[in-house]
Amino acid sequence: MRTLEDIWPLFGLRITAGPLQLRPVADADIPGLVALAVEGIHPADRMPFSYPWTSAPRDELPRDMAAYYWRTRAGITPDRWTVDFAVRRDGELVGVQGFGTDGYLVTHTGETGSWLGQRHQGRGTGTLMRQTLCAFLFDHLDAEEITSAAFLDNPASLAVSRKVGYLPNGDFRERRRPGEMALNRKLRLTEPALVRHEHELRVEGLAPVRRLLGLDRADGSDRTT
């Protein structure tokens, strides 16, 4: 009988770097992520995200989060996909590091996004998990370029991007909350500019994920060859 990991290979993907482990969000992770989000990700008077999902009423936030993870998982195709990784530091769930792309087999680029529970911030975890995912994308998923973005009044996120090696790629006026304009800085990272951490990157379950995302043929050969 096939296992769930055989049916949906992303459930078998594990990325480990020093104290950190990243694995795609599974249903068992959702209650813990909801608890972190309800406990707080950012001060209530600030909105660092382009989509203000943390502004949802507390009784709606758990359902909204679960529906988002189910929806993005169900929508994965080789042409368009978003994968959110549950991040654990020393075995403790601390947040999410994600990557989304449209047309990846042609562009080999996409955008990172992440969040950390407030009590886990200020320990270098945000930098480490971004470095880990970017190294994985460049080294194992054939990425050529990775983008990100942050509002100018979110210095912590911009600092992480600088530490990882992203370069500014233009500031844009965006509506953040109803009636509120904010400047959003776009960022761009290439493999030579990536500032890698000192930890060895260990990846489990890669081959079936590459096939799921259309990067390799069923016979194991690379589609670019």
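Please refer to the structure higher up on the page.
Small disclaimer: the values here were computed from a predicted structure and weren't measured.

**Things to note about the overall build of the protein**
Part 1: Helix and strand counts for the protein stand at seven helices and nine strands.
Part 2: Counting only residues that meet the buried cut, the protein has 47% of its 225 residues in that class.
Part 3: Within the protein, counting contacts between residues at least 6 apart in sequence, those at least 24 apart form 63% of the total.
Part 4: Of the accessible surface of the protein, which amounts to about 11,500 Å², a share of 52% is contributed by carbon and sulfur atoms.

**Re the packing of helix α5 (residues 125-140) against helix α6 (residues 155-164)**
Part 1: One can describe the packing of α5 onto α6 by two numbers: an axis separation of 9 Å at closest approach and a directional angle of 45°. With respect to each other, α5 and α6 are oriented oblique. In the packing of α5 onto α6, the handedness of the crossing is right-handed. Residue-level contacts link Gly126, Thr127, Arg130, Gln131 and Cys134 of α5 to Ser157, Val160, Ser161, Lys163 and Val164 of α6.
Part 2: By residue class, the composition of the contact of α5 with α6 is three nonpolar, five polar and two charged.

**Re the pairing of strand β5 (residues 109-116)**
Part 1: Of the pairings in the sheet, the one linking strand β4 (residues 92-102) to β5 comprises six bridges and is antiparallel in character. If you follow Gly95 over to β5, its bridge partner there is Leu116.
Part 2: Two elements, β5 and strand β6 (residues 145-151), share three bridges in a ladder whose sense is parallel. By the bridge assignment, Thr109 is partnered in β6 with Glu145.
Part 3: Regarding topology, α5 serves as the crossover connection from β5 to the parallel β6, and that connection is right-handed.

**Quick notes on the packing of helix α2 (residues 30-39) against helix α3 (residues 61-74)**
Part 1: Interaxial distance between α2 and α3 falls to 10 Å at its minimum, and their mutual angle equals 130°. Looking at the two axes, α2 sits oblique to α3. For α2 against α3, the interelement crossing comes out right-handed. Between α2, through Ile30, Leu33, Val34, Ala37 and Val38, and α3, the contact on the second element is made entirely by Leu61, Pro62, Met65, Ala66, Tyr69 and Trp70.
Part 2: For the contact of α2 with α3, the class distribution of residues is 11 nonpolar, no polar and no charged.

**Topic: the pairing of β6**
Part 1: Counting buried residues in β6 gives five out of seven residues, a clear majority hidden from the surface.
Part 2: In terms of strand pairing, β6 meets strand β8 (residues 181-189) through six bridges, oriented antiparallel. The residue of β8 that forms the bridge with Ile146 is Leu189.

What counts as what
Residues numbered from 1 in each chain as written. Predicted model: local features only at pLDDT ≥ 70, side-chain atom pairs only at ≥ 80, totals over all residues. Heavy atoms only, no water. Helix = DSSP H or I, 4+ residues; strand = E, 2+ residues; numbered from the N terminus. Buried < 20%, exposed > 50% of the residue type's maximum accessible area, 1.4 Å probe, protein only. Contact = heavy atoms within 4.5 Å. Areas by Shrake-Rupley, 256 points an atom, 1.4 Å probe, with all protein chains shown as cover. Axes fitted to C-alpha atoms, helices over the stretch in contact; angles between N-to-C directions. Parallel < 35°, antiparallel > 145°, perpendicular 65-115°, else oblique. Left-handed = near helix turned anticlockwise from the far one by under 90°. Nonpolar A, V, L, I, M, F, W, Y, C, P; charged D, E, K, R; others polar. Pairing = 2+ DSSP bridges. Right-handed = clockwise from strand over helix to strand, strands pointing away.

Treat this as a map of the structure, not an account of what it does.
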